[in-house]
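Observations on the model geometry
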Amino acid sequence: MTVTLKPITKDNFQACITLKVNDDQKMFVAPNLYSIAQGQFTPGTQMRGIYADDTLVGFVMWTWDNEDHDPPEMWLWRFMIGGDYQGQGYGRAAMQHVIALLKIEGVTELFLSYEPENTGGAQFYAGLGFADTGRVEGGEIVVKLDLTEEQGV
Ligand SMILES: CC(C)(COP(=O)(O)OP(=O)(O)OC[C@H]1O[C@@H](n2cnc3c(N)ncnc32)[C@H](O)[C@@H]1OP(=O)(O)O)[C@@H](O)C(=O)NCCC(=O)NCCS
């Protein structure tokens, strides 16, 4: 099984919109319909479908932290794997692709935030090397990954 990232286009956005997390995870991530709409109005936003071979299994979206890209820091705004596809290593493989892409772009730090109740997400990100910043924004815990260091994942 090969995990790849592909652009969101007219050919796959409908499938992306129908992709859902489990019911008890819905408070942790916005619906993909909302995210794809938001991405249209946020310059510099990147969106990708996460594929396992030819099957769309997830969605990821990231954007610059500042307009002039200085310092070159990104925020991961959305990350989800469909409920039917979780626990099979797709999330980790997709994040590794995102990290590799951002490194090529010269991004030095990747930030994200999650709800304090999202213990699964917390473990997932900690396993990828994300470290607590001590910051809480909008009630969410902010963590970051230093992309100038070799990732051990
Ligand atoms: C968090 C999420 C992206 C993980 O995706 P996934 O494809 O199921 O994760 P993987 O199978 O690649 O797991 C990678 C690692 O994370 C760990 N992990 C994933 N989900 C976990 C959970 N709920 N609890 C504990 N550990 C978890 C796995 O055990 C695995 O660790 P290992 O390699 O040491 O065995 C997915 O559960 C999801 O979409 N959740 C709902 C949306 C969400 O919370 N997004 C983040 C918002 S900030």
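Residues numbered from 1 in each chain as written. Predicted model: local features only at pLDDT ≥ 70, side-chain atom pairs only at ≥ 80, totals over all residues. Heavy atoms only, no water.

A short note on the nonpolar core
Ile50, Leu76, Leu110 and Phe130 are the most contacted members of the largest nonpolar core, which totals 30 residues. At the level of secondary structure, the elements contributing two or more residues to this core comprise β1 (3-7), β2 (46-52), β3 (55-64), β4 (73-81), α3 (90-104), β5 (109-114), α4 (119-127) and β7 (140-146). Among the elements that take part in this core, α3 stands out by supplying seven residues, more than any other. Beyond its immediate sequence surroundings of up to four residues, leucine 76 is in contact with Val60, Met61, Trp62, Met95, Val98, Leu110, Phe111, Leu112 and Tyr125. Membership of the second largest hydrophobic core comes to 11 residues, among which are Cys16, Leu19, Val21 and Val29. (Core = buried A, V, L, I, M, F, W, Y, C linked by side-chain atoms within 4.5 Å. Buried < 20%, exposed > 50% of the residue type's maximum accessible area, 1.4 Å probe, protein only. Helix = DSSP H or I, 4+ residues; strand = E, 2+ residues; numbered from the N terminus. Contact = heavy atoms within 4.5 Å.)

Observations regarding the layout of surface pockets
A volume near 840 Å³ is recorded for the largest pocket. Considering the residues around the largest pocket, the lining is formed by 33 residues, among which Phe79, Met80, Asn118, Gly121 and Tyr125 are closest to the centre. Elements supplying a minimum of two residues to the lining of the largest pocket: β4, α3, β5 and α4. Counting residues per element, the lining of the largest pocket draws most heavily on β4, which supplies seven residues. Broken down by class, the residue content of the lining of the largest pocket amounts to 17 nonpolar, 11 polar and five charged. Roughly 170 Å³ of volume is contained in the second largest pocket. Across the lining of the second largest pocket, the residue classes break down as eight nonpolar, one polar and two charged. (1 Å grid on protein atoms, 1.4 Å probe; cavity = no way out; pocket = protein on both sides within 12 Å on 5 of 7 lines; lining within 4 Å. Points joined across faces, edges and corners; volume = space filled by probe spheres on them. Nonpolar A, V, L, I, M, F, W, Y, C, P; charged D, E, K, R; others polar.)

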